[in-house]
Amino acid sequence: MDNTIRLSPHATFWVVIVALGTMGLMVFADVLMPFAAGFVLAYLFHPLVERLQRIGVHRGAAAFAIIALLLLIFVAIFALLIPPLVDQLRQFAQDLPGYYQRARAYLWENYPQYLRSLQSTVQQQEGTGAAQGQAQDVAGVVAGYLKGLAESSLAFFNTLALLFLTPVVTFFLLRDWDQMFASIDSLLPKRDAPTIRKLAGEVDDTISGYLRGMFIVLSILSIFYMVTLGLIGLNYGLLIGLFAGIISFVPYLGSTTGLLVAGGVALAQFAPDYSMVALVVGVFIFGQVVEGNVLTPNIVGNQVRLHPVWLLFALVAAGYLLGFTGLLISVPLAAVIGVLVRFAIRKYQESEIYDEEKGEAAVEAVEGTKPRKTAAIG
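This is a predicted model, so every value here is computed, not measured.

So, how was this worked out
Residues numbered from 1 in each chain as written. Predicted model: local features only at pLDDT ≥ 70, side-chain atom pairs only at ≥ 80, totals over all residues. Heavy atoms only, no water. UniProt positions renumbered as here; feature names shortened; annotations may be inferred. Helix = DSSP H or I, 4+ residues; strand = E, 2+ residues; numbered from the N terminus. Buried < 20%, exposed > 50% of the residue type's maximum accessible area, 1.4 Å probe, protein only. Contact = heavy atoms within 4.5 Å. Axes fitted to C-alpha atoms, helices over the stretch in contact; angles between N-to-C directions. Parallel < 35°, antiparallel > 145°, perpendicular 65-115°, else oblique. Left-handed = near helix turned anticlockwise from the far one by under 90°. Nonpolar A, V, L, I, M, F, W, Y, C, P; charged D, E, K, R; others polar. Patch = residues over 30% accessible without salt bridge, like charges linked within 9 Å, V, L, I, M, F, W, Y side chains within 5 Å. Areas by Shrake-Rupley, 256 points an atom, 1.4 Å probe, with all protein chains shown as cover. Salt bridge = Lys/Arg side-chain N within 4 Å of Asp/Glu carboxyl O. Core = buried A, V, L, I, M, F, W, Y, C linked by side-chain atoms within 4.5 Å. Phe/Tyr/Trp six-rings, centres within 6.5 Å; stacked < 30°, edge-to-face > 60°.

Visitor: Mind laying out the UniProt feature "transmembrane region" (unreviewed entry) in the protein chain, listing which residues take part and the relevant values?
Guide: Feature annotation in UniProt assigns "transmembrane region" (unreviewed entry) to the following positions: residues 12-45, 57-82, 154-174, 215-234, 240-262, 274-290 and 310-341. Annotated as residues 310-341, this span is 97% helix and 0% strand, and its ends, taken at the C-alpha atoms, are 12 Å apart.

And the structure:
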């Protein structure tokens, strides 16, 4: 008996489409960044263009006005935040050796036995690899220089593309959004079109609820952390607050990371005045409570079925495979995969593989429709 699994032409078509799409993302990941950013921005502001169009504004004019407003907001934020952030980064780089020396002195004073054993282990490893390292020093330096030069050139090109191409891509996507998706809809296989439209609606509900809601939540948290830490007088408060707010799209990650970093800086800055340290800790506890109980339930809602662990995995995997472009499209990809998995589970639960009684009933129904042979009259 031949037990080979054969795909139908219908299933083969979708396997080929998915494979080609995955290969395209992998091959063109380095140049997709401005297009991915433009698509995300167009997706976020497409409803606003629709509203402006309904009140009589030409779609192209509405798209241009939104792009111009976004650029003005970006320039204003850049002018207000970048100078103090750069100053804090410079100050942090200057203070880092001092923090290292203080931490080293504290560890040698309180945990000398562990540091001695660690130091001896490191010295043994350095002694073992010294001979090999000397032969590879020149080649390693040259290879590292060339690699760094290539990466810096690519990063510079990507930055220019992100700054200049993203607004253009966003404008054309906003202007031609309806026609573009109408063309895509007309190319769907007629057999699968209703199912694809239904799944696309589920994906849209998930992505729109998450992206638009989290954009508001992250903005509120970033402003809250930056303002409160700045009022407290914490060193690098703007930098820490902005970083903690931005990574708060993963529940508990932003507040926990910000708490650890800000707590360490507060200890180095305010000790032995632990009341100030407690105040910094209280800021992040309060921010987490408000984010989890007020902001996310009321702004993002509870209908966005993206589990934090699944979202974190999607961010790490997409970032590892596709770089910064992967980070931009990780949430849409996670939403699409989540909807498809739930659809596959529903189909599985409706099948005879899951429900044996249903399968037996189907077999009996098929056998009952077979014509019966009549006995020959001799």
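This is not the end of the story, as more comes after the structure.
Visitor: Tell me about the environment of Val-169, residues and numbers included.
Guide: You can see Val-169 is positioned in helix 4 (residues 112-175). Its relative accessible area of 14% is what places Val-169 among the buried residues. Between the C-alpha atom of Val-169 and that of Phe-35, which follows or precedes it by 134 residues, the distance is 6.3 Å. In contact with Val-169, other than residues within four places in its own chain, are Pro-34, Phe-35 and Gly-38.

Visitor: For unusual backbone geometry, give the residues involved together with the corresponding values.
Guide: Working note: non-glycine residues mostly have negative phi, and peptide bonds are mostly trans. Phi is positive for Tyr-236, which is not a glycine, with a value near 60°. Structurally, Tyr-236 can be placed in the loop between helix 6 (193-232) and helix 7 (237-246).

Visitor: Before we move on, can you summarise the packing of helix 6 against helix 9 (residues 274-300) with the specific residues and values?
Guide: The contact between helix 6 and helix 9 brings their axes to 10 Å, and the two run at 160°. Classified by the angle between their axes, helix 6 and helix 9 sit roughly antiparallel to one another. Relative to helix 9, the crossing made by helix 6 is right-handed. When the residues that make up the contact of helix 6 with helix 9 are grouped by side-chain class, the tally is 19 nonpolar, six polar and one charged.

Visitor: Please set out a nonpolar patch on the surface residue by residue, giving values where relevant.
Guide: A cluster of nonpolar side chains, contributed by Met-26, Val-27, Phe-28, Val-31, Tyr-320 and Leu-321, occupies part of the molecular surface with about 680 Å² of accessible area. Residue position: Phe-28 is located in the loop between helix 1 (9-27) and helix 2 (33-54).

Visitor: Quick one: what's the story with the nonpolar core, residue by residue and with numbers?
Guide: Core analysis: the biggest nonpolar cluster contains 48 residues, and Leu-174, Leu-211, Leu-229, Leu-234, Ile-240, Val-280 and Phe-284 have the highest contact counts within it. For this core, the element with the highest residue contribution is helix 6, accounting for 12 residues. Once you skip the residues sitting within four places of it in the chain, Phe-284 turns out to touch Tyr-225, Leu-229, Ile-240, Ala-244, Ser-255, Gly-258, Leu-259 and Ala-262.

Visitor: Give me the lowdown on the packing of aromatic side chains, citing residues and values where you can.
Guide: The tally for this structure, following the rule as stated, stands at eight aromatic pairs. Relative to Phe-181, the ring of Trp-177 has its centre 4.8 Å away and its plane inclined at 40°; by these criteria the two rings are tilted. Of the two residues, Trp-177 and Phe-181 are both situated in helix 5 (residues 177-186); the distance of four residues between them amounts to about one turn of the helix. Under the relative-accessibility criterion, Trp-177 is labelled buried at 8%. Classification of Phe-181 as partly exposed rests on a relative accessible area of 35%. Aromatic side chains Phe-224 and Tyr-225 sit 5.5 Å apart centroid to centroid with 55° between the ring planes, which places their arrangement in the tilted category. For Phe-224, a relative accessible area of 24% translates into the label partly exposed.

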